[in-house]
Number of protein chains: 2
Amino acid sequence: MIRIAVDAMGGDYAPEEMIAGAVDAVKENQEIAVLLVGQEDKVKEKLSGYTYDKGRIQVVNATEVISTEEPPVNAIRKKKDSSIVVGMNLVKKQEADAFVSAGSSGAILVGGQVIVGRIKGVERPPLAPLIPTETGVSLLIDCGANVDARPSHLVQFARMGSIYMEHVMKVNHPRVAIVNIGAEEEKGNALVKETFPLLKACGDINFIGSIEAREIPHGAADVIVCEAFVGNVILKLYEGVGATLISKVKSGMMTSLRSKLGALLVKPALKDTLKSFDASRYGGAPLLGLNGLVVKTHGNSKANEVKNSIIQCLTFTEQGINEKIRESLETASQKE
Amino acid sequence: MIRIAVDAMGGDYAPEEMIAGAVDAVKENQEIAVLLVGQEDKVKEKLSGYTYDKGRIQVVNATEVISTEEPPVNAIRKKKDSSIVVGMNLVKKQEADAFVSAGSSGAILVGGQVIVGRIKGVERPPLAPLIPTETGVSLLIDCGANVDARPSHLVQFARMGSIYMEHVMKVNHPRVAIVNIGAEEEKGNALVKETFPLLKACGDINFIGSIEAREIPHGAADVIVCEAFVGNVILKLYEGVGATLISKVKSGMMTSLRSKLGALLVKPALKDTLKSFDASRYGGAPLLGLNGLVVKTHGNSKANEVKNSIIQCLTFTEQGINEKIRESLETASQKE
């Protein structure tokens, strides 16, 4: 049985959707047990509305809640009985294999490092969301809070991301690329120029060179390596341009009687196609390189994404991703 | 009369579309004279197919062409008789007020600095394209080739961008923001943290703080300040996500008979709406801070964008943008 702690209190639709997602996950897969972390009374009350295997969902009390507005370092330090801190301690004490939260990104990033802790040899744990592409999804690594990365960090990101895509997402020989402003090796800023030859020298990854941002949505690489500032810009612009264009398309269809009629006809087909351009169905963003697994799901996650994030943890644990990361970094450091 | 040199040889549709754009520009505005720079025979032959005011279009011979594949520094140094070098020399010698090219970005950036030269006090000339937003356009400054900028560069970008948006694009008190990974002043990488208080202290711009990439397409600021690596990622991802989504929408409409019928009905309205999300109708990207004006238009520019880029040069010159930049930087340096 894989035990997954779920933050019942984090996210725009907590606790309802978090609880619904947990119930769906234990129904869909018999190997999953969920520890719902949050204010016991509230959680139990909502939970009582569902029928499920009582032996596989347990409520763990946590009286406090960390809001997205709170400064993360402070929140983690002071709110010892918050759902995030309690959930992460379950992972630390190995009472849970993973922790899923839709709460404060900052608190999750800080808590992951401070409470769960890094795998020996990992310099920085990257946050690695999946982003939709024309052909499927790519892993964008790093979108975390630690900006101004060094070349050695990026090399570790490439290795960890490659392992994740190969064993969790089942991509054979995942293509690894570094975000750059041109395809040539001599292009780029100081960080990219220094990192490029290091990645090229890695025998254990399928490094295909630079990727220009324009090529990312086409699915030109499976693992997109960049430092967190750039990763953040990519992730958020992706969402922003997508939302703006979709709203433009919608309003465009409402401009005349003729187009309104057409909109009724195209709507179902369009909805299906655009759903394929939605990475959330694959689950949340793992914080890689920790002694355990922490997954950040979107703040606006509903039951389905929560369920997918829980199932993603199952694959991660079953595939022994952390052991593979440990081995990979050990082998790399022995070679140096 | 404002004299604008146009690179007849640069771009995917040169010389045809460059020439057509030049002819359209002199027809639309009586104050414009165009110097078409390129291989004389070819240009004159194409030009002979049009009727126009012969006194306002002149062909300047340049026997060589710089391709987009050539290393820019080398190309500028060696191809002295290329359309880019000849066109920029016209600006340098004040025989033209501006130079418009759809050719090699790298060569245009290098040529601008090396041949046309910077305004005294300008540390780096930024390339500043307009990007479409929900409400209009914003200026993204810098998307040039000089990465790893310093805080003082970004402050100059903010000033120059603000002047451009106010006087060329007619935006009152343009809102200036710096690209960041969160809204709070303490967030960001080293460059942003150092630059933020400097921008805040500028009395001559309307600095509104940080902007997250997600907010850019909503039009949350008029001048988007960032260093060139990040600017390049934003610009190219904008294009990439846009192209991918539009192709998804199109293919979604073709999945069933019902949706195909609907597509016929929505198509005209949709086309109009999406046209409003196209920055190219405003012209090309100016390379600011030069002794003269150099405008880079898209490599795939057709006549209409070329014409708009030429007319943009007219406004730039008439509004005395370079004098305003010079004054602004002088005032700023006196205060320091």
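In the block above lies the structure referred to throughout.
Given the structure is predicted, the values throughout are model-derived calculations rather than measurements.

Caption draft 1: Up close: the nonpolar core. Judged by nonpolar contacts, the single largest core of 175 residues is most densely connected at Leu36, Ile216 and Ile310 of chain A together with Leu36, Ile216 and Ile310 of chain B. Other than its neighbours up to four places away in sequence, Ile216 of chain B contacts Leu237 of chain A together with Ile131, Thr133, Val179, Ile211, Ile224, Ile234 and Tyr238 of chain B.

Caption draft 2: Just the sheet that holds strand β3 (residues 57-61) of chain A, in detail. Residues and elements named next belong to chain A. Strand order across the open sheet formed by six strands is β3-β2-β1-β4-β11-β10, with mixed pairing between neighbours. Two strands in the sheet have a free side with no partner beyond their single neighbour: β3 and β10 (285-287). Adjacent strand axes in the sheet meet at a mean angle of 25 degrees, parallel and antiparallel pairs treated alike. With three bridges connecting them, β10 and strand β11 (residues 293-296) associate as antiparallel partners.

Caption draft 3: Quick peek at the pattern of salt bridges. All names here are of chain B. The final tally for this structure, using the stated rule, is 24 salt bridges over all chains. The partner of Arg3 in a salt bridge is Asp97, and the shortest N-O contact between them spans 3.4 Å. Of this pair, Arg3 sits in strand β1 (residues 2-7) while Asp97 sits in the loop between α4 (83-92) and β4 (98-101), placing them 94 residues apart in sequence. Of the residues examined, Asp97 reaches a relative accessible area of 22% and is grouped as partly exposed.

Caption draft 4: Empty space enclosed by the protein, seen in detail. Within this structure, the stated rule accounts for two cavities of 30 Å³ or more. Around the largest cavity, the lining residues are Leu154, Ile178, Val179, Asn189, Leu191, Val192, Cys226, Glu227 and Val230 of chain A together with Phe229 of chain B. Contributing elements (two or more residues each) for the lining of the largest cavity: β7 (175-180) and α7 (190-200) of chain A. Here the residues of the lining of the largest cavity are counted per class, giving eight nonpolar, one polar and one charged. For the second largest cavity, the calculated volume is near 40 Å³. Looking at the second largest cavity, the residues that line it are Asp7, Met9, Gly10, Val65, Ile66, Ser83, Ile84, Gly103 and Ser104 of chain A.

Caption draft 5: Fine view of helix α5 (residues 105-116) of chain A. Residues and elements named next belong to chain A. For α5, with 12 residues, the first-to-last C-alpha span of 15 Å sits near the 16 Å given by 1.5 Å per residue. All of the buried residues along α5 are Gly106, Ala107, Ile108, Leu109, Gly111, Gly112, Ile115 and Val116. In this structure, the buried side of α5 is in contact with α3 (72-78), α4 (83-92), β4 (98-101), β10 and β11.

Caption draft 6: Region of interest: the relation of the copies chain A and chain B. Least-squares fitting of chain A to chain B yields an RMSD of 0.1 Å, with the superposition described by an axial translation of 0.0 Å and a rotation of 180 degrees. Such a combination of rotation and displacement between the chain copies is what one expects of a two-fold axis. Minimal C-alpha separation from the rotation axis in chain A is found for Gly262 of chain A, amounting to 1.9 Å. Of the residues that chain A buries at the interface, 100% are likewise interface residues in chain B, meaning the two copies contact each other through the same surface.

Caption draft 7: The arrangement of the state of the cysteines in detail. Residue and element names in this part refer to chain B. Using the criterion set out here, one finds zero disulfides over all chains in the structure. With no disulfide of its own, Cys143 has Cys226 as its nearest cysteine by sulfur position, at a separation of 5.8 Å. Sulfur of Cys202: no disulfide; nearest cysteine sulfur belongs to Cys226 and is 16 Å away.

Criteria and cut-off values
- Residues numbered from 1 in each chain as written.
- Chains lettered and ligands numbered in written order.
- Predicted model: local features only at pLDDT ≥ 70, side-chain atom pairs only at ≥ 80, totals over all residues.
- Heavy atoms only, no water.
- Core = buried A, V, L, I, M, F, W, Y, C linked by side-chain atoms within 4.5 Å.
- Buried < 20%, exposed > 50% of the residue type's maximum accessible area, 1.4 Å probe, protein only.
- Contact = heavy atoms within 4.5 Å.
- Pairing = 2+ DSSP bridges.
- Helix = DSSP H or I, 4+ residues; strand = E, 2+ residues; numbered from the N terminus.
- Axes fitted to C-alpha atoms, helices over the stretch in contact; angles between N-to-C directions.
- Salt bridge = Lys/Arg side-chain N within 4 Å of Asp/Glu carboxyl O.
- 1 Å grid on protein atoms, 1.4 Å probe; cavity = no way out; pocket = protein on both sides within 12 Å on 5 of 7 lines; lining within 4 Å.
- Points joined across faces, edges and corners; volume = space filled by probe spheres on them.
- Nonpolar A, V, L, I, M, F, W, Y, C, P; charged D, E, K, R; others polar.
- Expected span 1.5 Å × (residues − 1).
- Least-squares fit on C-alpha atoms with pLDDT ≥ 70 in both.
- Disulfide = S-S within 2.5 Å.

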